[in-house]
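# Architecture at a glance
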Amino acid sequence: MATTDLNCSEFHNDQIATLSTHSLQELQHPVVSTKVFIQRDYSSGTLCKFQNKFPAELESRLDRQHFEETIQTLNNLYAEAEKLGGKSYLEGCLACLTAYTIFLCMETQYEKVLRKVARYIKEQNEKVYIPRSLLLTDPIERGLRVIEITVFEDRGFVPTS
Amino acid sequence: MHLGVSESMRECEYSQISTRSSTPMETPFKKKIPKKRKWESFPGRNKFYCDGRIMMAKQTGVFYLTLVLILVTCGLFFTFDCPFLAEHLTPVIPVVGGVLFVFVLGTLLRTSFSDPGVLPRATPDEAADLERQIDVANGSTGYRPPPRTKEVVINGQTVKLKYCFTCKIFRPPRASHCSLCDNCVERFDHHCPWVGNCVGRRNYRFFYMFILSLSFLTIFIFAFVITHIILRSSHRGGFLNALKDSPASVLEVVVCFFSVWSIVGLSGFHTYLISSNQTTNEDIKGSWSSKRGKDNYNPYSHGNIVTNCCAALCGPLPPSLIDRRGFVYLDTPQLAPPTNGITVYGSTQSQQSHMAAATPLLQQQSSEPVIITASPENGGALPSRTSLGLGGPCTSLPLGQPTPATSTASLSCQESTDMLPVHAHAHSHNHSRPLQDQVAHHHFLTPEDLPSPPAGRWCSGPEPDV
């Protein structure tokens, strides 16, 4: 434990020294080339839906099919979260009757779906995006405004997980 | 030997302790990074309590008045009128009164304390990307282009989406920027000073329940106080004698009499809004009024009253988009002298992708001091609107609410100053959530610094995400 601690601080010392004297590129860390933002599609009203338009910056990295599949799945998941149906009405009525205290022990339908979204994004990143030096950011981290795709410089990025 | 063992044990213990509390504090050249939660650097004009669990508007004086009025009136009712009524009529009266009172208080607190549906401001990268797109569309000529709008067709109706200069986003349909709170709020209804908060997508149902139950409570108290006085005067022989016996009833009657008109009226108004799926904002502006045009209709309505009501009151409750209780991971400008911006990042961050992401940001960000500017003219212009009489409190406010058009116009004049706080704060927002499992975290950050990915956000504590 103690030794790893020392290594920690040594590593950081090294990092700082390196950073301050050399450029980041020398460290073989991924450098962000650009960020692509997929905006919201409001043509169906206020429902959470993202535009399916394939951005030009990704032409060289990703094929349309993968991209469209990702966006479509995400749109479907969000539609499920906001769906008005028997289940959501039941949840709403029950919540009202219990003065909304039921949410202390239960997750809302929306929150359940958001977990699914997070899992899906993680899976997509591992399977499709990271191998192509791209990274999807969960839209909830951007207030459900955009899907942010970070494009890293293609320098043989090795995932450090 | 015994000594040796205990020495080594002590050593292990010592190293264990240092591992656990090994925040950058332990390493000699780093200063301690105070762990801040995101609400502490929230750019809007809101007040937070209970470590970010409670969120209210800046001016809460009127809210306390509401609370006092309700508590005092109900208190007097239970103390002076209920004993008589329970004895001479039925004990069900105080029970029903009690249930109504608890419901009113619960919905009031829920409305006041929850996030109305605030949209977080754009990160610098997003804002830059949008600006680029707008410039391309306009053909930048160097002078400030006219207020930016985007048109979108929703269910056959053309809706204009306006660009918010403060939040640096195109506002979603039905969203509006509240100049009192300085936030864009989804499905903005109005800012209610009586409740001390905006009423938007996330707390509209609580607000409606509050005014509805308050109407019932007011009518209930009014009716039974009158009953009490009448009964007592028939017992005591004389109206004035009855009043002398129970002076508190006079106060209750007065309060209830004046409240009933405004609150019942407001409930009726909001029932109409819910059944037609409109916001107060839209109704006041006549956005979907047939007077505007033959083909003008509300594209958000579900078609029938029942579905509209169910959707508004029992629909799914969206989560808060601003992660109030999440931790801000970087507080770099204060920590190290910014000789080379990258050094600062290197010393506090462990995640490669963040460092990588940091460079373009640093290149964009100049060494501007972090200035938090409130918009003076907005703050100054509005206090007169917030002082209201008892008649129709909430309905009068939206008239004065300069939400979409005027607020953008006024804010556009100080776009440059707005840039700074957004820049500085959005900076911390950008790094506040580490990327999920894909990047290695350095183990000298304590476990609680790094929320476990996706689940951690929702399990941040036993309290519900209001």
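Under an unreviewed UniProt entry, chain B has the name Palmitoyltransferase and belongs to Hippocampus comes. In its Sequence similarities (unreviewed entry) section, UniProt records this for chain B: "Belongs to the DHHC palmitoyltransferase family." What the UniProt record of chain B gives under Subcellular location (unreviewed entry) is the line "Membrane".

The name recorded for chain A in an unreviewed UniProt entry is Golgin subfamily A member 7, from Hippocampus comes. According to the UniProt record, the Subcellular location (unreviewed entry) comment for chain A is "Golgi apparatus membrane". According to the UniProt record, the Function (unreviewed entry) comment for chain A is "May be involved in protein transport from Golgi to cell surface. The ZDHHC9-GOLGA7 complex is a palmitoyltransferase specific for HRAS and NRAS."

So, about the overall build of chain A. Looking only at helices and strands, chain A features 4 helices and 3 strands. Taken from the N to the C terminus, the helices and strands of chain A come in the order α-β-α-α-α-β-β. In chain A, which comprises 161 residues, the share counted as buried stands at 51%. Within chain A, contacts between residues at least 6 apart in sequence are counted, and of these 57% link residues at least 24 apart. When the accessible surface of chain A is summed, it comes to about 7700 Å², and 53% of that surface belongs to carbon and sulfur atoms.

If you tally the helices and strands in chain B, you get 18 helices and 12 strands. Of all 466 residues assigned to chain B, the portion counted as buried reaches 55%. For chain B, restricting intrachain contacts to residue pairs at least 6 apart in sequence, the fraction spanning at least 24 positions comes to 70%. Carbon and sulfur atoms make up 65% of the accessible area of chain B, which totals about 20900 Å².

The next thing to look at is the sheet that holds strand E2 (residues 134-137) of chain A. Residues and elements named next belong to chain A. Taken in spatial order, the 3 strands of this open sheet run E1-E3-E2, and their pairing is antiparallel. Bordering the open sheet on either side are strand E1 (32-39) and E2, each of which pairs with just one other strand. Here the average twist between neighbouring strands, direction ignored, is 20°. Inspection of the sheet shows E2 paired to strand E3 (residues 146-152) by 4 bridges, in the antiparallel sense. Pairing of Thr-137 across the sheet is with Glu-148, part of E3. Contacts from helix H2 (residues 64-81) reach E1, E2 and E3 within the one sheet, and its direction differs from that of E3 by about 150°.

One pass over the full model with this rule turns up 19 salt bridges over all chains. Here Asp323(B) ties to Lys38(B) by a salt bridge, and the two come within 3.1 Å at their closest N and O atoms. Within this pair, whereas Asp323(B) is found in the loop between helix H9 (305-314) and strand E12 (327-328), its partner Lys38(B) is found in the loop between strand E1 (36-37) and strand E2 (46-49), the two being separated by 285 residues in sequence. Comparing Asp323(B) with Lys38(B) shows no difference in burial state: the two are buried. Close ionic contact of Arg174(B) with Glu282(B) constitutes a salt bridge, the shortest N to O distance being 3.0 Å. Of the two residues, Arg174(B) sits in the loop between strand E7 (169-170) and strand E8 (176-178) while Glu282(B) sits in helix H8 (residues 280-285), which places them 108 residues apart along the sequence. Per residue, the accessibility class of Arg174(B) equals that of Glu282(B), and both read buried. When salt bridges that share partners are traced, they join Lys35(A), Arg142(A), Glu148(A) and Asp125(B) into one network.

Our focus in this paragraph is unusual backbone geometry. Look at Leu144(A): it is not a glycine, yet its phi comes out positive at around 55°. Note on placement: Leu144(A) falls in the loop between E2 and E3. Taking the relative accessible area as the measure of exposure, Leu144(A) reaches 5% and is therefore buried. Its identity as a non-glycine residue notwithstanding, Arg187(B) has a phi of 45°, on the positive side. Considering the arrangement of structural elements, one finds Arg187(B) in the loop between strand E9 (183-185) and strand E10 (190-192).

Next up on the list: the packing of helix H2 (residues 61-88) of chain B against helix H7 (residues 248-275) of chain B. Residue and element names in this part refer to chain B. At a minimum axis distance of 10 Å, the contact between H2 and H7 shows a crossing angle of 140°. Viewed along their axes, H2 and H7 adopt a mutual orientation that is oblique. H7 is crossed by H2, and the crossing has left-handed handedness. Contacts between H2 and H7 pair Leu-69, Thr-73, Leu-76, Phe-77, Phe-80 and Asp-81 from the former with Ala-248, Ser-249, Leu-251, Glu-252, Val-255 and Cys-256 from the latter.

Residues and elements named next belong to chain B. When the UniProt feature table is mapped onto this chain, "transmembrane region" (unreviewed entry) is found at residues 62-80, 92-109, 206-230 and 250-269. As annotated, residues 62-80 comprises 100% helix and 0% strand, and the C-alpha atoms at either end are separated by 27 Å. Taken end to end, residues 206-230 has its terminal C-alpha atoms 36 Å apart, with 100% of it in helix and 0% in strand.

Let us look at the confidence of the model for chain A. Residues and elements named next belong to chain A. When pLDDT is averaged across chain A, the result is 79; 78% of the residues are at 70 or more. Contacts for the low-pLDDT stretch residues 1-8, under 50 throughout, to residues beyond four places or in other chains number 10 contacts. Of the regions scoring below 50 in pLDDT, residues 15-27 engages in 22 contacts with residues more than four places distant in sequence or in other chains.

What counts, and at which threshold
Residues numbered from 1 in each chain as written. Chains lettered and ligands numbered in written order. Predicted model: local features only at pLDDT ≥ 70, side-chain atom pairs only at ≥ 80, totals over all residues. Heavy atoms only, no water. UniProt positions renumbered as here; feature names shortened; annotations may be inferred. Helix = DSSP H or I, 4+ residues; strand = E, 2+ residues; numbered from the N terminus. Buried < 20%, exposed > 50% of the residue type's maximum accessible area, 1.4 Å probe, protein only. Contact = heavy atoms within 4.5 Å. Areas by Shrake-Rupley, 256 points an atom, 1.4 Å probe, with all protein chains shown as cover. Pairing = 2+ DSSP bridges. Axes fitted to C-alpha atoms, helices over the stretch in contact; angles between N-to-C directions. Salt bridge = Lys/Arg side-chain N within 4 Å of Asp/Glu carboxyl O. Parallel < 35°, antiparallel > 145°, perpendicular 65-115°, else oblique. Left-handed = near helix turned anticlockwise from the far one by under 90°. pLDDT = per-residue confidence, 0-100.

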